[in-house]
Amino acid sequence: MTEIEQLLTRVAAQARNIRPWGWPSLPAPVDAATLDRAETALGFSLPPLLAALYLQIGDGGFGPSYGLLPLLDSAPAGEPSVVAQYLANRAEARKDPEWLWPEGILPISHWGCGMYACVDCRTPQGTVLLFEPNAEDADHAWYTDAPGLAEWLHTWLDGTGWYEESNDDAALKPWPEFRIRTAPAMPPAQA
């Protein structure tokens, strides 16, 4: 059994043992067609581990805090889907250039107060970021939560995440790529 398979087994066991916030029970996993529709709407693929969570464990409702958001359809608790929230964030960013939402940064879990755990779908490991919109400006709203989705899941399973009461003094580092990822593309050089 690979490390990822072992991790998925642990996540599945934990997911079965919790009652998802606002959900009557853990939702069934999505099928491949739903994943394809979601990726088509997003315009990019999900990192393999994130796709496996939705395909093998459930369509949201498990994980830290309120758990993962549903992939394509809204949850019974009224939380938006991952796809809807990403598209809304990108649309809002086009209206307010001070608060840009980087392409490929997928909100996967809501922390409350507008905060989201997000996965960078442009990295193979799925770097996990914290978006904290209560900062004074966008430059101070993005933090690196974990170098990859696997590490982020391990902190949840092991009870060592920054959000745990025993770790309330943990400080997250600012995400250094925010301005790089939101900078306008340079026009081609004139010949």
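Caption draft 1: Broad picture of the sheet that holds strand 5 (residues 173–174). Spatially, five strands are ordered 1-2-3-4-5 in an open sheet, and the strand pairing comes out antiparallel. Looking at strand neighbours, the two that pair on one side only are strand 1 (105–112) and strand 5, the edges of this open sheet. With six bridges joining them, strand 1 and strand 2 (residues 115–120) adopt antiparallel strand pairing. Bridging across to strand 2, His-110 finds its partner in Tyr-116. Each of strand 1, strand 2, strand 3 (128–131) and strand 4 (142–146) touches helix 5 (residues 149–158); the most contacted strand, strand 1, lies at about 15° to it.

Caption draft 2: The nonpolar core, seen in detail. Counting 53 residues, the largest nonpolar core has Leu-50, Leu-53, Leu-106, Trp-142, Leu-149 and Trp-152 as the members making the most contacts within it. Examining the composition of this core, we find that seven residues originate from one element, helix 3 (residues 48–57), more than from any other. Those residues in contact with Trp-152 that sit more than four places away from it in its chain are Pro-64, Leu-68, Ile-108, Ser-109, Trp-111, Ala-117, Val-128, Asp-145 and Ala-146.

Caption draft 3: Region of the structure containing the pairing of strand 2. Taking burial as the measure, the six residues of strand 2 include six buried ones, the bulk of the element. The turn joining strand 1 and strand 2, which pair antiparallel and follow one another in sequence, is formed by two residues; a positive phi near 55° is taken by Cys-113. With four bridges joining them, strand 2 and strand 3 adopt antiparallel strand pairing. Residue pairing across strands places Ala-117 opposite Leu-130, the latter belonging to strand 3.

Calculation rules
- Residues numbered from 1 in each chain as written.
- Predicted model: local features only at pLDDT ≥ 70, side-chain atom pairs only at ≥ 80, totals over all residues.
- Heavy atoms only, no water.
- Pairing = 2+ DSSP bridges.
- Helix = DSSP H or I, 4+ residues; strand = E, 2+ residues; numbered from the N terminus.
- Contact = heavy atoms within 4.5 Å.
- Axes fitted to C-alpha atoms, helices over the stretch in contact; angles between N-to-C directions.
- Core = buried A, V, L, I, M, F, W, Y, C linked by side-chain atoms within 4.5 Å.
- Buried < 20%, exposed > 50% of the residue type's maximum accessible area, 1.4 Å probe, protein only.

That's the geometry; what it means functionally is another story.
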